[in-house]
Structure formats: structure tokens, C-alpha cells
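Below, each chain spelled out in residue letters.
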Amino acid sequence: MKKRFIPLTLAACTIMTAFTGCGADTNGETTASSVQIDTQSIADDIATADLAEEDVHSEIVDTATASTAEADSDSEVVTGGSPWIDSDIKENVTADTVADPKDDFHLYANKDWILENDIPEGTTSWDRGSARSKEVKKQCMDLLKDDSVEGHDAELVRTYNKLILDWDARNKLGVSELQEKYDKIVNAQSIDDISKLLTEEDTVYDFNHFVKFDVAVGLNDPGKNIVFIETPNLMLDDSAEYANRTELGDVYYGYNKETFIYMAPKLGMTEEEADKCFDDAIAFETKLASKIYTTEEQYADDYYDKVNNEMSLDEVVSNCNNFPLNDIINSSGFAYDGTYLVTTPDYLKNLDEIYTEENLNEIKSLMIVDYVLEDVAYLDRDTYEKLTELENNYFGSEGSVSDEEMACSLVKKNLPDSYQKVYVEKYGSEEDKQKMEDLCKMVIDTYRELLSENEWASDEAKKLAIEKLDNMKVNVAYPDKFNDTSDINIEGCSLLEATHQIKLNKIKESIKCMGKEKDTENWASEFPVTICNAYYSPQGNSINMPIGLFGGEFYSDDMSIEELYASIGAYWVGHEVSHAFDRDGAQFDKDGNFRDWMPEADKEEFQKRIDKMDKYLDSLIAFGDEHFIGTNNDVEMTADMTGLQCALKMASKIDGFDYKKFFIKYAQLQVNLASYNSELHELTQDMHPLAYSRTNVPVQQFEEFYDAFDVKEGDNMYLAPEERIVVW
């Protein structure tokens, strides 16, 4: 995947959950294949940040420097970097900045675009994928007003959109709809009272911040849906922040605390009480975080081994004597006689130990904070505007998106299936679908040649790799089937009631999937097709190319062969196919089973190349004093490099191929503008390398680049042949 996703739903303990995919549009929507009954991070619902398109909630700014580095718009931001400047940050590039392809190819290819573009209001980053996403959003916004499209789903998205935009109704209700359940937590006097709230039918989906239940295919049987029991999202994002707070954690802490202190007095707390309540909540999360995997641990190559803990229901509940896990599972509907995958058994044991009367106040505080923050995006105008202000202060954005854009994002987030059905009915093209399928086949055929010609792998490893490639499924544009939305009825509801009805329906649909065979026809349940992105599913052994990427700078009928190969050959399809053979994808066989299929000697040779990549990335200074983190980035960088390698193989068959044009187009697809906040978060918390490195590092590996731009030893773009990295 091209942007901000963590492999598989079992990585859902962080804010950004999804699959190994890589496009420009980022979207963390929960689907029927991965429903979480715990409350979501407040940041997942901040409509002012237009999160459904740019994932702005993940962009971080240091609270200690917000007033100096961000608020002073006249100050120059120079973050350095070595051997290349961080040209993702616009302030580092001026008209006088020298752009030489031999020294900084990304800057050379993108200088004009960087100078001519700005980060739009309400976001903290902007790239060509963002621009394509805006095109799709404009189409969707028009659809939300188009009465010519008929049917249940069309009416559903239009009704929900109207509820979001009905500020008079939202202002009238204010926070009143939160009061009753808020009071229930406040009035709890014992741990038994808390247990009742966590297990009773009318509150079981409201207050559980302690465990998450997902339904998805397991690691050991990719054909059947099982129940995942996972650790919760945390307010500070990364569990490492609770042991050693960094500027990243300071921002999440400050943002969430200020939001809560703004909200709590509306429900009856004083500001002083709210301040203490929030810190008590953080104190209990600190206890929980001690047994939750850090971001670094989630990116480690043994992560799948660690989380692959299958159990029966009896084995699951045996982990808890105090915490009412058994009753929660039964009350929420996730009890069945099949397999459970418990990602972190030690977490359940820890939770059971600290779920005591002694910690009652901290437990209550966490439940209060989480409950209050969950629905802030669905309240009145004053709250909306306060959230906009806080977003700008903490995340480095400016202004806000229009109400119509905000509403469209929330419709897309909460009604993804209905939204997709309406979009496909209006804009789906079987002709474009067939063209993309043909392009995918061309790339896969070329990849087969790369594997066959590989010089380090044994014949057995190449044979098994090619078998995996030949068994790869190609899903293009949109499926013929989507999740069932027929039971969703929001007529006569307030916005908050409608949102809860939609969430409840997703849970019910998820429960129906427990123990059932995976529906391979409904591949969009994993990744909405309206986003400008693509992904590889290791358990499905499939590449998935949604209709959302069919446009903008990525795909058109009038593209030259060089542009087409740079975009579809390298940036999109080649990249996604490569994920089947990166560090994580290589742990799954041709049928999607979590199984070591590579001979041991070949695994060692493969790892040598990954280690070499990690060492090289670690040596690069991203900005300031911050280095790249190879172990965080090697999965995506492997796909970048190998996708480019595949496209170059395709190019070698074309007489007169213009390699300069090809490489420039490739670099232009990677361009990105970001605030310092965004760069910091992506560097430390994301598996995707910073944009400028995704141009410069891959092109360094191939002789065609050196020949095209006459790069020689001594140039910044030069990498000695013995230091170059080709994984496959």
C-alpha cells in the first residue's frame, strides 16, 4: 500500500488499521470484516480534519513547539536532511534552491510543483493522491444531492448527509444525548457497578475501552472468519509513549485533554474535576499500555508469530477472573463454538489483575473520558468549531474544510458500503475495469520473469514463489457484491442516533460472519473502492486496485507508455505485487496460510538483503537530527524498489523507451507536501518512508537511472554498485 496502513486487521491496536496497501488516500473505516465494539480514538472522528481522505488525525505537532514552530507563520522552517533536504516541507524549498538530478532527483522532478502548491485548509499534507481524492469526493458530493439515483442505499446516504448538515437540530440537542449514559458511569460506586455497565444489553457497546472484538480470517486458515480479541486503541497512540513520553505523546495528550476539558463541563464537571479525571484516565491507560505492543514491536518480523494465539472460548475466558470478559463476549454476541485469536494473552492477564476496587476511580475516569470523546464530531456547531481550533493548534493545519466536504467524509466513513454502491452505479465502467485487469496481467507476467531470473534464490524457492504469483487473485475497480445494508433504517433519527444505529448494524453483520467461510466476492469489505489507494492482501493472496485510483495523474487513456509504466507498472501494480514477497508477505504461502514456505537457506539470503536495506536507511538523516528507521520502513521500501524493478523490466522490451520521462513521472507520483508535524509522525510511527526518500532511494538502485541522468561517483544520488540493494 502506498500510504499509512499497517498489515492485517490484527494490527488494529493502533489508530491506522487495515491491510498491506499503498495508495495516496488514507481511510481507517471499520468494515463488516473488522468490526470493533470498543470506542474509537477521538481522532478517528474529527471531521474538521477531513480524515476520511487525508488521515489528518495522525499528523502530529509538538505541544512544546506549537507556539513557535507552527504559530509563527513568518518563521522559516529548515529541517535539513542528508544527503538530501526534506523537500516534503515546503519551507525548505525556495525559487533559489538548486535542483540537480544528480544531487537530489526528487527535488529536481518536483521543484515547480512544490513551489506552486500549498497544503489546503483543514489538512496537514497534500499530494497527487490527495488531488485525485478531491476529484472523487466532488463526484460523491454531487451524488449526495442527486435524486436521480434511486434505491435504499442512495436514500440512506442522502438522509445521513442531511442529518450531518442540519445544524439547527444538532445545536438544539447539544450534548443532551450523552447525558444519561454519562451519568451512569459517574454514578457507579463499585467495580460490580462497572461490570454491569460493561455487560448489560443496553450499554455493552458503549463503554468497553478494554478489549476489541474483530471478525476476520485467521492466520492459520485464510478461508474462514474467526473472532479476534485485541488490545484497545490508546489516547497517546503508541504504547511506548506511556513509558517514555516524546513530543509525539505530548501532542496526543494535550489535544485529547483540551478536548475533554472543553466537553466535560457541558455534562456537569468543573474544569478542575475534568483535569483530574483525564489524568486519572491516562494513569489507568499507563497500566494497560505496559502489555500492549509498541509501534516498533508491531513492525518487527516476528509480530505475526507473537499474535497468532488461537484459543477456544473456554481458554480465552480462563485468562480473566475479575474482568467480566466472558459476560462481555456473551452480551455483545461474540460467543460461538469456533476459534478465537487472542493477539496478546499477557494483556488479558494484566487487565484482570488491575481490574480491581483499588483502581475503581481510574477505571471510571477512563470510561468517562473515552465515552465523552467518542462522539464529539456529531454534536453542535460550537463543539465542531472548537475541534477545528484544536486540530489547527495541535496538528499544524489551518482553517477548515467546507461543511459539505466534512459531511461527505463522515458519510463515507460510516456508510462505506452504501456510499460505494451509489458511486459504482453512477461512475462504474466495465471498459476501464477490463483495461486495468489487462495491465495487471502484464505486470504479473513480467514479475514472473524477474523471479525466474533471480540469481540468489534456489530453484525450489523460485518455483514456490512463482506458484504464489500464479495463484494471485486480481481484483479491479469494484466487486459485484457489497455488504448488506438493507437493515439500516435511520428515518426519524437524530445524527447521533443514526450514527449509533449504523455502528450497531455493522456489529450485527460482523457477528453473522463468525465461523463462516470468507466471502471472496466481496473484496471491497476490506478496502472501500472509492479511495485513491490499492493494497495487497496476504491472506487472500490478492492485489486490489479500486476505482478511486482510475484518474488524476495516475491513469488516463492519453498517457504515454513511459507514464503508464511509471504509474501502473511501478507505482501501483508492481508495488502491490511486490508485497507478496516482502518481509511480511513472504510469511504467507500461495493460499494465504501463515506458513514458512521459503527454504531456510533462501530465507537467510533474503534477510541479508533486508538487513542491508535497514542499515542503509538507518544511515540517512530524514530531517534535523532524526534518522530514518529501517525496520519500520523496509516492507514498503522493498515494494517500492521491486515495483520499479518490474517496470524497468517492462521498459527494456520497448524500443526507444524514454527513461528520463519515465523516472521523472515516477518521482512526480511520489511528491508530497507536509507540515513538520506530519513528517515527524510518519517517520516515527508509519511503515511508509517519507515521500522524498521513496523517490531517491529506489532510483539509486538501478543502472538505468545513472545512464539517463549521467550520475557519477561524487554526486549525492550516486550509490556504489556493491552498496545497491535489489531484493528480488
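What counts and what doesn't
- Residues numbered from 1 in each chain as written.
- Predicted model: local features only at pLDDT ≥ 70, side-chain atom pairs only at ≥ 80, totals over all residues.
- Heavy atoms only, no water.
- Helix = DSSP H or I, 4+ residues; strand = E, 2+ residues; numbered from the N terminus.
- Buried < 20%, exposed > 50% of the residue type's maximum accessible area, 1.4 Å probe, protein only.
- Contact = heavy atoms within 4.5 Å.
- Areas by Shrake-Rupley, 256 points an atom, 1.4 Å probe, with all protein chains shown as cover.
- Axes fitted to C-alpha atoms, helices over the stretch in contact; angles between N-to-C directions.
- Parallel < 35°, antiparallel > 145°, perpendicular 65-115°, else oblique.
- Left-handed = near helix turned anticlockwise from the far one by under 90°.
- Nonpolar A, V, L, I, M, F, W, Y, C, P; charged D, E, K, R; others polar.
- Pairing = 2+ DSSP bridges.
- Salt bridge = Lys/Arg side-chain N within 4 Å of Asp/Glu carboxyl O.
- Core = buried A, V, L, I, M, F, W, Y, C linked by side-chain atoms within 4.5 Å.
- pLDDT = per-residue confidence, 0-100.
- Phe/Tyr/Trp six-rings, centres within 6.5 Å; stacked < 30°, edge-to-face > 60°.
- Lys NZ or Arg CZ within 6 Å of the ring centre and 35° of its normal.

Quick look at the overall build of the protein
Then step 1. Along its length, the protein carries 29 helices and 12 strands.
Then step 2. Expressed as a percentage of its 728 residues, the buried residues of the protein come to 64%.
Then step 3. For the protein, the share of sequence-separated contacts (at least 6 apart) that also reach a separation of at least 24 residues comes to 77%.
Then step 4. Carbon and sulfur atoms provide 44% of the accessible area of the protein, an area that totals close to 25,200 Å².

A short note on the environment of E155
Then step 1. Mapping E155 onto the fold places it in helix 5 (residues 152-165).
Then step 2. Along the primary structure E155 and L144 are separated by 11 residues, whereas in three dimensions their C-alpha atoms are 9.0 Å apart.

Comments concerning the packing of helix 9 (residues 247-263) against helix 10 (residues 271-289)
Then step 1. Running from amino to carboxyl end, helix 9 crosses helix 10 at an angle of 140°, the nearest separation of the two axes being 9 Å. When the interaxial angle is binned, helix 9 and helix 10 end up oblique. Relative to helix 10, the crossing made by helix 9 is right-handed. On the side of helix 9, the interface is formed by Y253, N256, K257, F260 and I261, while helix 10 contributes E271, A274, D275, C277, F278, D279 and I282.
Then step 2. Of the residues in the contact of helix 9 with helix 10, the class split is seven nonpolar, one polar and four charged.

Some words on the pairing of strand 9 (residues 542-546)
Then step 1. Burial analysis of strand 9 places five of its five residues in the buried class, the great majority of the element.
Then step 2. What you see with strand 9 is no split at all: S542, N544 and P546 on one side and I543 and M545 on the other are buried throughout.
Then step 3. Two strands pair when backbone bridges link them, and strand 7 (residues 473-477) and strand 9 are joined in this way by five bridges, in the parallel orientation. For A477, the partnering residue across the bridge sits in strand 9 and is P546.
Then step 4. Pairing between strand 8 (residues 535-537) and strand 9: three bridges, direction antiparallel. Bridge pairing in strand 9 places Y535 opposite N544.
Then step 5. Remark: four residues form the turn of the hairpin made by strand 8 and strand 9, two consecutive strands paired antiparallel; N541 in that turn has positive phi of roughly 45°.

Some words on the packing of helix 10 against helix 16 (residues 360-374)
Then step 1. Following both chains from N to C, one finds helix 10 and helix 16 inclined at 105°, their axes separated by 7 Å at the closest point. As far as their axial angle goes, helix 16 and helix 10 are roughly perpendicular. Contacts from K276, C277, F278, D280, A281, A283, F284, E285, K287 and L288 of helix 10 reach helix 16 at N361, E362, I363, S365, L366, I368 and V369.
Then step 2. Taken together, the residues of the contact of helix 10 with helix 16 sort by class into 10 nonpolar, two polar and five charged.

Thoughts on the pattern of salt bridges
Then step 1. Taken as a whole and judged by the stated rule, the model has 45 salt bridges.
Then step 2. The closest approach of N and O atoms between D275 and K257, which form a salt bridge, is 3.0 Å. Pair noted here: D275 is in helix 10 and K257 is in helix 9, with a separation of 18 residues, a long-range link.
Then step 3. For D275, a relative accessible area of 31% gives the class partly exposed.
Then step 4. As a salt-bridge pair, K653 and E449 come within 2.5 Å of each other at their nearest N and O atoms. Placement of K653 in the loop between helix 25 (630-651) and helix 26 (659-670) and of E449 in helix 20 (residues 430-453) is noted, with a sequence separation of 204 residues between them.
Then step 5. The network of salt bridges with common partners includes K441, D445, R448 and D470.

Side note on the pairing of strand 3 (residues 212-217)
Looking down a regular strand, the side chains alternate between one sheet face and the other.
Then step 1. Across the six residues of strand 3, six count as buried, placing the element largely inside the fold.
Then step 2. Bridge count between strand 3 and strand 4 (residues 225-230): six bridges; the pairing is antiparallel. Residue V215 lies in a different strand from strand 4, and its bridge partner there is V227.

Quick word on the side chain of E562
Then step 1. Assignment of secondary structure puts E562 in helix 23 (residues 561-578).
Then step 2. Apart from the residues within four sequence positions on either side, E562 is in contact with G656, F657, D658, K661 and F662.

Thoughts on the nonpolar core
Then step 1. F210 and F260 are the most contacted members of the largest nonpolar core, which has 213 residues in total.
Then step 2. Excluding anything up to four places from it in sequence, F260 contacts P265, M269, A274, C277, F278, I368, V369, V372 and L373.
Then step 3. Of all hydrophobic cores here, the second largest spans seven residues; its members include V93, L107, V671 and L673.

Overview of the confidence of the model for the protein
Then step 1. Mean pLDDT over the protein works out to 88, with 89% of the residues at or above the 70 mark.
Then step 2. Predicted confidence is poor over residues 4-21, with pLDDT under 50, and the contacts of this stretch with residues over four places away or in other chains come to 105 contacts.
Then step 3. In the predicted structure, residues 23-76 sits below a pLDDT of 50 and forms 204 contacts with residues beyond four places in sequence or in another chain.

Considerations on the packing of aromatic side chains
Then step 1. What the rule picks out here adds up to 40 aromatic pairs.
Then step 2. Taken together, a centroid distance of 5.5 Å and an interplanar angle of 45° make the contact between F588 and F594 tilted.
Then step 3. On the basis of relative accessible area, F588 is assigned to the buried category, the value being 0%.
Then step 4. Residue classification places F594 among the buried residues on the basis of a relative accessible area of 17%.
Then step 5. Relative to Y659, the ring of F657 lies with its centre 4.9 Å away and its plane at 65°, an arrangement referred to as edge-to-face.
Then step 6. Given the relative accessible area of 8%, F657 is considered buried.
Then step 7. What links up through ring pairs into an aromatic cluster is the set F105, Y108, Y565, F657, Y659, F662, F663, F705, Y706, F709 and Y718.
Then step 8. R724 extends its terminal NZ or CZ atom over the ring of Y706, reaching a point 3.9 Å from the ring centre.
Then step 9. Seen from the ring of Y718, R724 lies directly overhead, with NZ or CZ sitting 5.9 Å from the centre.

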